[in-house]
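Each chain is listed here by its residues.
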Amino acid sequence: MHLPAHAVQNRWGYQLGVLYAALDRLDALHQEWLETRDSLPADARPGTAAFADALAEHHAESWSYLDDWATHGQAIGDINSAAPQAPSPLAPPPTVTAVPASGQTTSVRR
């Protein structure tokens with residue numbers, strides 16, 4: 001779908017790039033956390049200092065990317081608000097039907 005030019009904000013491209021990169025990094029950090037969690041000793045369960053320390057490190061690494069989402073995430077809402085103004089690629093283009101001018105008649109010979 002293409003949004004009408006008048007509805008597009010120049011900043012959206014940059015913001016979407018930041019959000020995409022942050023999401024990609026958050027996904028990678030989540031995978032790292034799962035690996036870290038799985039590699040903890042058996043006695044490092046939730047509630048233990050070892051688990052809490054590992055989780056705190058994961059959270060510390062994630063904060064800047066979550067902050068990017070807090071800062072630029074509104075762009076998604078703005079784009080969504082602009083989308084209803086865009087023509088849908090699923091809807092057929094409007095058709096024009098010729099209407100005879102009023103008061104004029106055409107005669108047809110048979």
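Residues numbered from 1 in each chain as written. Predicted model: local features only at pLDDT ≥ 70, side-chain atom pairs only at ≥ 80, totals over all residues. Heavy atoms only, no water.

### Structural notes on the environment of Asp-78
And step 1. One can find Asp-78 in helix α3 (residues 74-82).
And step 2. Linking Asp-78 and Ala-7, residues 71 residues apart in sequence, is a C-alpha distance of 9.6 Å.
And step 3. Among all residues touching Asp-78, those that are not within four sequence positions of it are Arg-11 and Trp-12. (Helix = DSSP H or I, 4+ residues; strand = E, 2+ residues; numbered from the N terminus. Contact = heavy atoms within 4.5 Å.)

### Some words on helix α1 (residues 11-39)
And step 1. For α1, which comprises 29 residues, the first-to-last C-alpha distance of 42 Å matches the rise-based estimate of 42 Å (1.5 Å per residue) to within 8%.
And step 2. The set of residues buried in α1 consists of Trp-12, Gln-15, Val-18, Leu-19, Ala-22, Leu-26, Leu-29 and Trp-33.
And step 3. Buried residues along α1 sit against α2 (49-72) and α3. (Expected span 1.5 Å × (residues − 1). Buried < 20%, exposed > 50% of the residue type's maximum accessible area, 1.4 Å probe, protein only.)

### Quick notes on the confidence of the model for the protein
And step 1. Overall, the predicted model of the protein reaches an average pLDDT of 85, with 74% of residues at or above 70.
And step 2. Looking across the protein, the model is least confident in α3, with a mean pLDDT of 89, and most confident in α2, with 97. (pLDDT = per-residue confidence, 0-100.)

### Topic: the pattern of salt bridges
And step 1. The final tally for this structure, using the stated rule, is 3 salt bridges.
And step 2. For Arg-11, the salt bridge identified is with Asp-78, shortest N-O distance 3.6 Å. Of this pair, Arg-11 sits in helix α1 while Asp-78 is found in helix α3, placing the two residues 67 residues apart along the sequence.
And step 3. Given the relative accessible area of 40%, Arg-11 is considered partly exposed.
And step 4. You can call Asp-78 partly exposed: its relative accessible area is 23%. (Salt bridge = Lys/Arg side-chain N within 4 Å of Asp/Glu carboxyl O.)

### Examining the packing of aromatic side chains
And step 1. For the structure on display, the rule yields 1 aromatic pair.
And step 2. Considering the side-chain rings of Trp-33 and Phe-51, the 5.5 Å spacing of their centres and the 80 degrees angle between planes classify their relative orientation as edge-to-face. One end of the pair, Trp-33, is in helix α1; the other, Phe-51, is in helix α2, with 18 residues separating them in the sequence. Of the two residues, Trp-33 and Phe-51, both sit in the buried class. (Phe/Tyr/Trp six-rings, centres within 6.5 Å; stacked < 30°, edge-to-face > 60°.)

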